[in-house]
Amino acid sequence: MNKTANFQLTQWEKTDRIMMEDFNRDNAAIDTALKSNADGVAALQTALASCGNCKIVYGTYTGTGKYGRENPNKLTFDGNPLFVIIKGSIGSAPTLGIQAMRGWNTAYTGSADSSTVCHLTWGEHSLSWYNSQSSSDQFNTSDSVYPYIALFATQE
C-alpha cells in the first residue's frame, strides 16, 4: 500500500484489501489538516485587522497664482484627514513642502521665518491654507502642479 507525500494518506492498489481503520485514519488526518488551515486563516485575519490604522489618499492640484487670506487653497476629502503633506511643485526642490497635522494652525513652507508661514484651517473634510507674502510660499504658483498625500484613520 502506498502513501501520499504530504499527509501520508492511503493510496489504494486494485489488489489491496480495504480496511475501515485505514479510511478512519485518513479522514482524521484530513480533518486535522483542514482544522489547522482554518485556524491559520483565522489567526492571519486577526493579525491583519490590527496591522496599520491608516488610509492614504494622494493627488495633485494646479496653482492659480493667487495668495493671501482672501484666496486660500483648499483640499476637500471624503473623510477627516489627520495629516496632510503638500510638496513643492513637480520639478522643484524636493525638500520644500507643507506638513499639516490636524489641530495645527500654522505650517512653514521652507525656513522657519514669518514670510514662509502658511495659516491652516481644518474643516470637517478639508484643509485650507494661505500665505500673506506670495503665491509660491502658498504653494499656488500659477499653472504649477503640486502633489499631496493625506493620511486618515481607518475608523472613518
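You'll find the structure just up there.
Now for a quick tour of the structure. (Residues numbered from 1 in each chain as written. Predicted model: local features only at pLDDT ≥ 70, side-chain atom pairs only at ≥ 80, totals over all residues. Heavy atoms only, no water.)

1. Regarding the packing of aromatic side chains
Here the structure, examined in full by the defined rule, presents five aromatic pairs. Seen from their ring centres, Tyr61 and Trp129 are 5.8 Å apart, and the 65° between their planes marks the pair as edge-to-face. Pair noted here: Tyr61 is in strand β3 (residues 54-62) and Trp129 is in strand β9 (residues 126-130), with a separation of 68 residues, a long-range link. The buried category is assigned to Tyr61, whose relative accessible area is 12%. For Trp129, a relative accessible area of 0% corresponds to the buried category. Their ring planes at 75° and their centres at 5.6 Å tell us that Phe77 and Phe152 sit as a pair that is edge-to-face. Of the two residues, Phe77 sits in the loop between β4 (73-76) and β5 (83-87) while Phe152 sits in strand β10 (residues 145-153), which places them 75 residues apart along the sequence. Judged by relative accessible area, which is 8%, Phe77 ranks as buried. Three or more aromatic residues joined by ring pairs make a cluster, and in this case those are Tyr61, Trp129, Phe139 and Tyr146. (Phe/Tyr/Trp six-rings, centres within 6.5 Å; stacked < 30°, edge-to-face > 60°. Helix = DSSP H or I, 4+ residues; strand = E, 2+ residues; numbered from the N terminus. Buried < 20%, exposed > 50% of the residue type's maximum accessible area, 1.4 Å probe, protein only.)

2. Comments concerning the sheet that holds β4
Strand pairing in a sheet relies on backbone hydrogen bonds. The paired strands run either parallel or antiparallel. Read from one edge of the open sheet, four strands run β4-β9-β8-β7, paired in antiparallel fashion. In the strand order of this sheet, the two ends are held by β4 and β7 (106-108), each with one partner. Averaged over all adjacent pairs, the angle separating strand axes in this sheet is 25°, with direction ignored. Here β4 runs beside β9; their pairing, made up of four bridges, is antiparallel. Among the inter-strand pairings, Asn73 is bridged to a residue of β9, identified as Trp129. (Pairing = 2+ DSSP bridges. Axes fitted to C-alpha atoms, helices over the stretch in contact; angles between N-to-C directions.)

3. Points about the sheet that holds strand β6 (residues 97-101)
In spatial order, the strands read β3-β10-β5-β6; together these four strands make up an open sheet with antiparallel pairing. Where the open sheet ends on each side, the last strands, each with one partner, are β3 and β6. This sheet shows a mean twist of 15° between the axes of neighbouring strands, independent of strand direction. One ladder, built from four bridges, connects β5 with β10; its direction is antiparallel. If you follow Ile86 over to β10, its bridge partner there is Tyr148.

4. Concerning unusual backbone geometry
Residues other than glycine seldom take positive phi values, yet Phe139 does so here, at roughly 60°. Assignment of secondary structure puts Phe139 in the loop between β9 and β10. Of note in the backbone geometry, Asp143 takes a positive phi value of approximately 65° without being a glycine. Tracing the chain through its elements places Asp143 in the loop between β9 and β10. Of the residues examined, Asp143 reaches a relative accessible area of 64% and is grouped as exposed.

Take it as geometry only, folks, not as evidence of what the structure does.
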